[in-house]
Amino acid sequence: MIELENVAYSYGGGELFSDLDLSLQPGSFHFLTGPSGAGKTTLLKLCYGELVATAGDVRLFGDDVRGMDRDKVALARRRIGVVHQDCRFLDHLPVAENIALPLTVSGRSSEGSDIDDLMAWVGLTRQADQLPPELSGGERQRAALARAVIMSPEVIIADEPTGNIDWEMSQRLLALLVELNRMGKAVLIATHDLTLIRAAKAQVQARVLRLKDRRLVAAGADL
Amino acid sequence: MAALLAGDKMADRAVPPTGFTARLTVFTAAAMAFLAVFALALSLATGRLADRWAEELARTSTLRISAPEGQQEAQTRAALSVLETTPGISAARALSEEETRALLEPWFGPDLPVETLPIPQLIEIVEAGEGYDATGLRARLQAEVPGAVLDDHTRWREPLVDAAGRLRALGVFALLLIAGSTGAMITLAAQAALAANEQVIRVLRLVGAQDSYIARAFVRRFTLRALTGALAGTAAGMLGIFLLPEADAAGGFLTGLGFRGAGWLLPLLIPPLAALVAFAATRSAALRVLRAAS
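Residues numbered from 1 in each chain as written. Chains lettered and ligands numbered in written order. Predicted model: local features only at pLDDT ≥ 70, side-chain atom pairs only at ≥ 80, totals over all residues. Heavy atoms only, no water.

As recorded by an unreviewed UniProt entry, chain A carries the name Cell division ATP-binding protein FtsE and is attributed to Oceanicola granulosus.

Take a look at the structure:
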């Protein structure tokens, strides 16, 4: 579904990483770790077409990103659910409308969709009419996850999804991601949270990758 | 365009309302529409004036007879006789003393003793069909009425019609300038709105919105604002024109500035045209900004 082959990314005259290979297939579960500034967020952006690699090939659902126009990238993004570190909501719209946004922009009506079930699934039924700034950190992360999965995407990419929430909430979020993975979705999570990785590995066959010294390598057995 | 008019409630809501660009667009459209109504009225009035001058002056000529004392009457009769037998002339008549006095009154006042002055006799000629052969008529008059000078108005008709035509062209040019200025102002307002909503655009893109969807949200908003402003401006302009004094013979050009009959329908084209200009300007600005932001 998403494949990176010999990918390099440079900016400001420096190379962030190179010779990087990654393949996200249906039902796969990957964690991406590494020190701050190693390029985890950049790598995720390459995976959903927000950035274009300076070398190597990135294929989204079989198409080379370099050959895709903006509309085609937009169509590919509808097949990828992204949970951003800062959540990125439209602050003037209620939570329910933010969650339904992927449906709206793709011309599909939110009526008749499973939005109510989805809101209940992430535990935000009571917050449906609130504005995003009124939500707590954990509620925002869950709302972001709900928005990421409302189109029933084939891939879910999350950037530090537990960065702003407590342990209990992060476990709840992980449970949602594991459930989606069991439904056949490919999951890629960038995180510093080792307890989250360990908890996930106890539930699913997760592969842990580490970005270090400009290379992507399998993490040690301790993870 | 149909989709634009029908609208997409959610797409409209995706972009937050922005106060100053909304007010700027409505005000600009209203002001420009108001000016456009007057430019249109000017253009139509000058058009009517040019047509009227051309028509009236083209259908009439004047024969001026300056004969020595005692011969004026005989030469006038001879001239009328020549004119009556000239093909292409439907009527010819000598102006009375009262009519001559009335023509001179604006320059010399009402008490001018016309009968004591050596004023030439004027004969008004009204053409028929394709008109007469001026060269042939001049030759006949030279032979039979030596004191007659034929003036077919060409000499002063052309500059008048030309001036009116230029005024009409100026009116059309003013309309084009107004349309261009409206487009430029709305482009600036749209660019400001796009810049203010950079974060919104980023979020929309990340959830899979195509550029056309994002542009549509802005374009619809600005088009409707321009339409609203232009409706108000046009209504105010039409009211202003309606309240102008009625045209009369003494009023001249200025009191003739207005619309006649079906001409009152023409200003109603201004609001949809303003909306069209806003649509084109915003769409172009939005797609340009979105292209640059990718």
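This is not the end of the story, as more comes after the structure.
> Where do I start with the overall build of chain A in this structure?
For chain A, the helix and strand inventory stands at eight helices and 10 strands. On C-alpha atoms alone, chain A measures out to a radius of gyration of 17 Å, which is about the 17 Å that the 2.2 N^0.38 rule sets for 223 residues. If you line up chain A on its principal axes, its C-alpha atoms span 45 × 40 × 30 Å. Per-residue burial over chain A gives 55% buried out of 223 residues. Partitioning the intrachain contacts of chain A with sequence separation of at least 6 by distance along the chain shows that 70% fall at a separation of at least 24. Of the roughly 9600 Å² of accessible surface on chain A, a fraction of 45% belongs to carbon and sulfur atoms. Computed over 25 positive and 30 negative side-chain charges, the inter-centroid distance for chain A is 4 Å. (Helix = DSSP H or I, 4+ residues; strand = E, 2+ residues; numbered from the N terminus. Rg over C-alpha atoms; globule rule 2.2 N^0.38 Å. Buried < 20%, exposed > 50% of the residue type's maximum accessible area, 1.4 Å probe, protein only. Contact = heavy atoms within 4.5 Å. Areas by Shrake-Rupley, 256 points an atom, 1.4 Å probe, with all protein chains shown as cover. Lys, Arg positive; Asp, Glu negative; His and termini not counted. Charge placed at Lys NZ, Arg CZ, Asp CG, Glu CD.)

> I would appreciate a short explanation of a nonpolar patch on the surface in the present structure.
Residues Leu167, Leu170, Phe173 and Leu177 of chain B make up a contiguous nonpolar surface patch of roughly 370 Å² in combined accessible area. Mapped onto the elements of the fold, Leu177 of chain B is located in helix α7 (residues 154-196). (Patch = residues over 30% accessible without salt bridge, like charges linked within 9 Å, V, L, I, M, F, W, Y side chains within 5 Å. Salt bridge = Lys/Arg side-chain N within 4 Å of Asp/Glu carboxyl O.)

> Would you mind going over the sheet that holds strand β5 (residues 63-64) of chain A with me for this structure?
Each strand in a sheet pairs with another by means of backbone hydrogen bonds, the pair being arranged parallel or else antiparallel. Residues and elements named next belong to chain A. Across the sheet, four strands lie side by side as β2-β1-β4-β5; this open sheet has antiparallel pairing. With one partner strand each, in any of the chains shown, β2 (14-24) and β5 form the two edges of the open sheet. As judged from the five bridges shared by strand β1 (residues 2-11) and strand β4 (residues 55-60), these two strands associate in the antiparallel manner. Residue Glu3 lies in a different strand from β4, and its bridge partner there is Arg59. Contacting β1, β2 and β4, helix α1 (residues 40-47) crosses the sheet at an angle of about 130 degrees to β1. (Pairing = 2+ DSSP bridges. Axes fitted to C-alpha atoms, helices over the stretch in contact; angles between N-to-C directions.)

> I'm lost on the environment of Tyr11 of chain A in this one. Help?
All names here are of chain A. Looking at the element boundaries, Tyr11 is found in strand β1. Classification of Tyr11 as exposed rests on a relative accessible area of 55%. Sequence spacing of Tyr11 and Ile150 is 139 residues, and the spatial spacing of their C-alpha atoms is 34 Å.

> It is not clear to me how the pattern of salt bridges should be interpreted in this structure. Could you clarify?
Oppositely charged side chains can pair when the atoms bearing their charge come close. With the rule as written, the count across this model stands at 14 salt bridges over all chains. Two residues, Glu15 of chain A and Arg214 of chain A, come together in a salt bridge whose shortest N-O distance is 3.1 Å. Residue Glu15 of chain A is located in strand β2, and its partner Arg214 of chain A is located in the loop between β9 (207-212) and β10 (215-218); the two are separated by 199 residues in the primary sequence. For Arg70 of chain A, the salt bridge goes to Asp211 of chain B, with nearest N and O atoms at 2.6 Å. With Arg70 of chain A in helix α2 (residues 70-77) and Asp211 of chain B in helix α9 (residues 211-242), this pair bridges two chains. When its relative accessible area of 8% is taken as the criterion, Asp211 of chain B is described as buried. When salt bridges that share partners are traced, they join Glu3, Glu5 and Arg59 of chain A into one network.

> Would you explain the packing of α9 of chain B against helix α11 (residues 270-293) of chain B in this entry?
All names here are of chain B. Contact geometry for α9 and α11: axes closest at 7 Å, N-to-C directions at 150 degrees. Here α9 lies roughly antiparallel to α11, going by the angle between them. Judged by the sense of rotation from one axis to the other, the crossing of α9 with α11 is right-handed. Note on element contacts: α11 touches α9 through Ile270, Pro271, Pro272, Ala274, Ala275, Ala278, Phe279, Thr282, Arg283, Ala286, Leu287 and Leu290, opposite Asp211, Ile214, Ala215, Phe218, Val219, Phe222, Thr223, Ala226, Leu227, Ala230, Leu231 and Thr234. Residues belonging to the contact of α9 with α11 are distributed by class as follows: 19 nonpolar, three polar and two charged. (Parallel < 35°, antiparallel > 145°, perpendicular 65-115°, else oblique. Left-handed = near helix turned anticlockwise from the far one by under 90°. Nonpolar A, V, L, I, M, F, W, Y, C, P; charged D, E, K, R; others polar.)

> Hey, could you run me through the sheet that holds strand β3 (residues 121-127) of chain B in this one?
All names here are of chain B. Strand order in the open sheet formed by four strands is β2-β3-β1-β4, and the pairing between neighbours is antiparallel. The sheet is open, and its two borders are formed by β2 (89-94) and β4 (148-151), each paired with just one other strand. Strand-to-strand, the axes of this sheet are offset by a mean angle of 20 degrees, without reference to chain direction.

> Any chance you could explain the side chain of Gln141 of chain A here in plain terms?
Residue and element names in this part refer to chain A. Of note, Gln141 is situated in helix α6 (residues 137-149). You can call Gln141 buried: its relative accessible area is 0%. A polar contact of 3.2 Å, which involves the side chain of Gln141, links it to the backbone oxygen of Pro161. Not counting residues within four places of it along the chain, the set of residues in contact with Gln141 comprises Val83, His84, Gln85, Cys87, Glu160, Pro161, Gly163, Asn164, Ile165 and Leu173. (Polar contact = N/O pair within 3.5 Å; in protein donor to acceptor, adjacent residues only side chain to side chain.)

> Is there a simple way to think about the nonpolar core in this case?
The nonpolar side chains of a soluble globular protein tend to be buried, and buried together. All names here are of chain A. Counting 44 residues, the largest nonpolar core has Phe29, Phe31, Ile99 and Leu145 as its most contacted members. Among the secondary structure elements, those contributing two or more residues to this core are β3 (29-33), α3 (95-99), α5 (115-121), α6, β7 (155-159), α7 (167-182), β8 (186-190) and α8 (194-201). Broken down by element, the residue count for this core peaks at seven residues, all from α7. If near-sequence neighbours (up to four positions away) are discounted, Leu145 is found in contact with Val83, Leu173, Leu176, Leu177 and Leu180. (Core = buried A, V, L, I, M, F, W, Y, C linked by side-chain atoms within 4.5 Å.)

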